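The lines below spell out each chain.
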Amino acid sequence: MAPPRNVVKIAVQMSDAIPQLIQLDQAKPLATVLKEVCDAWSLTHPEHYALQFADGHRKYITENNRLEIKNGSILCLSTAPDLKAQQLLGRLQNTSREGCCEILRNLVLLASDMTFAQEVISRDGLQKLSTIIENGDDLGEMLALGLRAFLELMEHGVVSWETLSISFVRKVISYVNMNLMDASVQPLALRLLESVTLSSPALGQLVKSEVPLDRLLVHLQVMNHQLQTKAMALLTALLQGASPTERKEMLDHLWKKNLRQFIYKNIIHSATPMGDEMAHHLYVLQALTLGLLEPRMRTPLDPYSQEQRDQLQALRQAAFEPEGESLGTGLSADRRRSLCVREFRKLGFSNSNPAQDLERVPPGLLALDNMLYFSRHAPSAYSRFVLENSSREDKHECPFARSSIQLTALLCELLRVGEPCSETAQDFSPMFFSQDHSFHELFCVAIQLLNKTWKEMRATQEDFDKVMQVVREQLARTLALKPTSLELFRTKVNALTYGEVLRLRQTERLHQEGTLAPPILELREKLKPELMGLIRQQRLLRLCEGMLFRKISSRRRQDKLWFCCLSPNHKVLQYGDVEEGANPPTLESLPEQLPVADIRALLMGKDCPHVREKGSGKQNKDLYELAFSISYDHGEEEAYLNFIAPSKRDFYLWTDGLSALLGSTMGSELTRLDLEQLLTMETKLRLLELENVPIPEQPPPVPPPPTNFNFCYDYSITEP
């Protein structure tokens, strides 16, 4: 007879004792279960004990989380969290330095548990740790352990970062500013200041005023990956908290101190692989730097500004003078004005008054900045562009000004200028850090590409939008390759000619072709079940391989990772926390298990509980696209296992695999593309012998039966 649903078979162990194999009734109060366990070992005062998971982070069992206990779980009997917290904190101030370090190690190990953390915080544990940190008697291991324990306790969100005292924050700042410091202390101090900066504007200003940018640059130049990452994290946090004016001043200072060159040579091209966190911070730095262009992008040209009128005249003069000066000598004001209007027309402005073309936002004044930069830094290419198109027939001219305005708006869209930073994105362009004025330099390459594509397409004025679509595709495809330098970008984008774009389009169209002959459609329908089974098998294999997922809090991006995989028999999902940089864990080392039979449903996007709590801001849009959850039976209640996929592809692979596991349809875009590719390949293989043979739309008619069947051999006649 099967045991009741609320009874689980577990083992309870204790040091120097024979383990107990018991049947835990989840309906019993936890205090009663503890008393029974203690009685079996003849232990008095069961209120002094508690149950913990024996593996993983040794989480304490409470009435709230007891339903996480599954059949086969191994628990251990240990000191109750309140008593343990009281013992550790009581000994913290009355012991030797070695003893204090040992107590802090225990605090660090247990502080990740919410139950224990609450007990420590309720007994002024944070205050005692802050005293150790502020005293700074030992600048080595003891201080590092104190900072780590303090951070672990604060990560639970029980106490706000805004409650920290100014004196405490200043002391932590002093550790960051010290020259001779233990290598394990400064990354922790930087991490703490990053949390303070992101959570408290007032304390963030204190950090900004007392941590010099030059000091962060020193930390970045130390060949310590962890220290570099935390210094970059604090740097981006300070930039995000600054006003636009302050941010510009800070970035100008950093660029003058060669931060860009250092990032390009020693981080992007470092022999040490770049971590996800550093990639995210470089993305934020790129986004904030490009964000400085937003005011110019949002500002239209002012026709009454003398400076802007002079810039337009400089643009005209760079293209047509001194020839224009000699032609205009001795002419009346009206004649000279008419000549200027004609030259602006040759430059490609649509209106007689060029200011009207630049009233569109975006790109606003940013388009004028790009045109001026091109004329001043590539004068020969600029003159060649204008004069070459001036000599063509009117309908074949490539309008420089109109193209520049449209191209600037396109680059702003592709590079997401002015968009808020994502909390998790890592999509930075290494080319951005390869040289100064990257946006303007990219425009110079793109405007020459546009002229080249215009000639390849033999375009006229009516084809302007078509040319821009091709240029957009050329730029987007090349940017997706993440070239590491502008020269490499120039080489790759120029190799992507109009003919190559047409070839790529045709190839993609063949892969996605849906209007085929009926016999082929019928063949494809017959092949679909077999190929869908192949895709289902591949998705389940990916689940069995497992994957690292990053934990995302409602406050900020965190460093913690966890691993999840499917057992080889496809009956259990196993998961558990892992450390950053560690090798993927083995199946046996994962502490948590979720039977597939207990799973109720798969949730995606905004339906997920961990995304629903974060609101609906633009910065969370990427989380909606990568989030999925599993709802499962947790005793009599419904619980959730929440995921944030590392990428869109991983999101599709896992949601497809879980759908296949639950017997649901795999309806992702990736499954559709994979099925289409497999169908195309299999169909071509089946039709190899029919190459160049036309396939009729309808099957041939069946011929009428013969008038007689005398041609059949009569087996009844026996030969002599």
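Residues numbered from 1 in each chain as written. Predicted model: local features only at pLDDT ≥ 70, side-chain atom pairs only at ≥ 80, totals over all residues. Heavy atoms only, no water.

**Student:** Would you mind going over the packing of helix H5 (residues 125-135) against helix H7 (residues 166-177) with me for this structure?
**Tutor:** A packed helix pair is summarised by two numbers, namely the angle formed by the two axes and the spacing between the axes. Where H5 contacts H7, the axes come no closer than 9 Å and their chain directions differ by 45°. Relative to H7, the element H5 is oriented oblique. Note that H5 runs across H7; the crossing there is left-handed. Residues Ser130, Ile133, Glu134 and Asn135 of H5 form the contact with H7, whose own contacting residues are Ser167, Phe168, Lys171, Val172 and Tyr175. When the residues that make up the contact of H5 with H7 are grouped by side-chain class, the tally is four nonpolar, three polar and two charged. (Axes fitted to C-alpha atoms, helices over the stretch in contact; angles between N-to-C directions. Helix = DSSP H or I, 4+ residues; strand = E, 2+ residues; numbered from the N terminus. Parallel < 35°, antiparallel > 145°, perpendicular 65-115°, else oblique. Left-handed = near helix turned anticlockwise from the far one by under 90°. Contact = heavy atoms within 4.5 Å. Nonpolar A, V, L, I, M, F, W, Y, C, P; charged D, E, K, R; others polar.)

**Student:** When you look at the sheet that holds strand E11 (residues 637-644) in this model, what are you seeing that I'm missing?
**Tutor:** Hydrogen bonds between backbone atoms are what pair the strands of a sheet, whose relative direction is either parallel or antiparallel. Taken together, three strands build an open sheet; the order of strands is E9-E10-E11 and the sheet is antiparallel. Both outer strands of the open sheet, strand E9 (599-604) and E11, are each paired with one neighbouring strand and no more. Looking at each pair of strands side by side, their axes are set apart by 20° on average, direction ignored. As paired elements, strand E10 (residues 627-634) and E11 share eight bridges and run antiparallel to each other. Each residue of the ladder has a partner; that of Tyr632, found in E11, is Ala639. Across the face of the sheet, helix H29 (residues 648-661) comes into contact with E9, E10 and E11 while running at roughly 30° to E10. (Pairing = 2+ DSSP bridges.)

**Student:** How should the pairing of strand E1 (residues 7-13) be read in this particular structure?
**Tutor:** Within a regular beta strand, the side chains point alternately toward one face of the sheet and then the other, so they alternate between its two faces. With respect to burial, E1 is a largely interior element, five of its seven residues being buried. Taken together, the six bridges between E1 and strand E2 (residues 20-25) define a ladder with antiparallel strand orientation. Paired with Ala11 across the strands is Leu21, a residue of E2. Hairpin connection of E1 to E2: six residues between the antiparallel strands, including Asp16 at a positive phi of 60°. (Buried < 20%, exposed > 50% of the residue type's maximum accessible area, 1.4 Å probe, protein only.)

**Student:** Where do I start with helix H23 (residues 464-480) in this structure?
**Tutor:** Three- or four-residue spacings in an α-helix give side chains the same orientation, since the helix completes a turn every 3.6 residues. For H23, spanning 17 residues, the distance from its first C-alpha to its last is 24 Å, which sits close to the expected 24 Å at 1.5 Å a residue. Three or more residues of H23 are buried, namely Phe464, Val467, Met468, Val470, Val471, Glu473, Gln474, Leu475, Thr478 and Leu479. (Expected span 1.5 Å × (residues − 1).)

**Student:** Sorry, what's going on with unusual backbone geometry here?
**Tutor:** Both trends apply: most residues other than glycine have a negative phi, and most peptide bonds are in trans. Cis geometry is found at the peptide bond from Val361 to Pro362, where omega equals -20°. When you line up the elements, Pro362 lands in the loop between helix H18 (333-346) and helix H19 (365-377). Here the phi dihedral of His45 falls at roughly 55°; this positive angle occurs in a residue that is not glycine. Relative to the elements of secondary structure, His45 occurs in the loop between helix H1 (30-40) and strand E3 (49-53). Its identity is not glycine, yet Asn258 carries a phi of approximately 65°, on the positive side. Among the structural elements, Asn258 can be located in the loop between helix H12 (244-256) and helix H13 (259-268). Classification of Asn258 as partly exposed rests on a relative accessible area of 42%.

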